[in-house]
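Given next are the chains, with one letter for each unit.
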Amino acid sequence: MAKAKSARRLKVYTARLDGLNDYVVASPNQGEALKAWDVHQNLFQEGLASVTQEASAVKAALARPGAVLRRPAEGRGDWTAV
């Protein structure tokens, strides 16, 4: 049986919003990622956010779709919920 129509393909987006932490969220599109981060400017257009393929970020974000996760900048530490 096919998956429900409501199931959406997720991408994992990353941004450094405060200069101290990296943030990720699994969402269906950039607009939803910006909403999850509570950001009103287009960080993607400004080059401050992007899709990530980093294994630990993808694994953590896909385990909690829609939840914003953070870790100290430069990949030091574990991903935790905001």
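Relevant structure appears above.
Residues numbered from 1 in each chain as written. Predicted model: local features only at pLDDT ≥ 70, side-chain atom pairs only at ≥ 80, totals over all residues. Heavy atoms only, no water.

Chemist: When you look at the packing of aromatic side chains in this model, what are you seeing that I'm missing?
Modeler: Between two aromatic rings, the relevant description is the distance of the centres plus the angle of the planes. Enumeration over the complete set of coordinates arrives at 2 aromatic pairs. For the ring pair Tyr-13 and Phe-44, a centre distance of 5.3 Å and an interplane angle of 75° mean the geometry is edge-to-face. Of this pair, Tyr-13 sits in strand β1 (residues 11-15) while Phe-44 sits in the loop between α1 (30-36) and β3 (49-51), and the two are 31 residues apart along the sequence. Take Tyr-13 and Phe-44: they sit in the same class, and that class is buried. Considering the side-chain rings of Trp-37 and Phe-44, the 6.1 Å spacing of their centres and the 25° angle between planes classify their relative orientation as stacked. What makes Phe-44 buried here is its relative accessible area of 12%. Ring pairing ties together the aromatic residues Tyr-13, Trp-37 and Phe-44, which thus form one cluster. (Phe/Tyr/Trp six-rings, centres within 6.5 Å; stacked < 30°, edge-to-face > 60°. Helix = DSSP H or I, 4+ residues; strand = E, 2+ residues; numbered from the N terminus. Buried < 20%, exposed > 50% of the residue type's maximum accessible area, 1.4 Å probe, protein only.)

Chemist: Please clarify how the pattern of salt bridges should be interpreted in this entry.
Modeler: A complete count under the given rule lists 5 salt bridges for this structure. One salt bridge connects Asp-22 with Arg-16, and the closest N-O pair in it is separated by 2.7 Å. The exposure class assigned to Arg-16 is partly exposed, which follows from its relative accessible area of 36%. Close ionic contact of Arg-16 with Glu-74 constitutes a salt bridge, the shortest N to O distance being 3.2 Å. Here the residue Arg-16 occupies a position in the loop between β1 and β2 (21-27), and Glu-74 occupies one in the loop between β4 (69-72) and β5 (80-81), the gap between them amounting to 58 residues. Residue classification places Glu-74 among the exposed positions, given a relative accessible area of 53%. Through salt bridges with shared partners, a single network forms among Arg-16, Asp-22, Glu-54, Arg-71 and Glu-74. (Salt bridge = Lys/Arg side-chain N within 4 Å of Asp/Glu carboxyl O.)

Chemist: Explain unusual backbone geometry here, please?
Modeler: Trans is the common state for peptide bonds, and a negative phi is the common state for residues other than glycine. Of note in the backbone geometry, Asp-38 takes a positive phi value of approximately 55° without being a glycine. Its location among the elements puts Asp-38 in the loop between α1 and β3. Of note, the phi angle at Glu-74 is positive, near 70°, even though the residue is not glycine.

Chemist: Looking at this model, I keep getting lost on the sheet that holds β3. Mind explaining?
Modeler: Strands in a sheet are paired, the pairing made by backbone hydrogen bonds, and the direction either parallel or antiparallel. In spatial order, the strands read β3-β1-β2-β4-β5; together these 5 strands make up an open sheet with antiparallel pairing. Edge positions in the open sheet fall to β3 and β5, since each of these has one partner strand only. Both β1 and β3 contribute to a ladder of 3 bridges, which runs antiparallel. Across the sheet, Thr-14 pairs through a bridge with Ser-50, a residue of β3. Relative to β2, helix α2 (residues 55-63) is tilted by about 50°, and along the sheet it contacts β1, β2 and β4. (Pairing = 2+ DSSP bridges. Contact = heavy atoms within 4.5 Å. Axes fitted to C-alpha atoms, helices over the stretch in contact; angles between N-to-C directions.)

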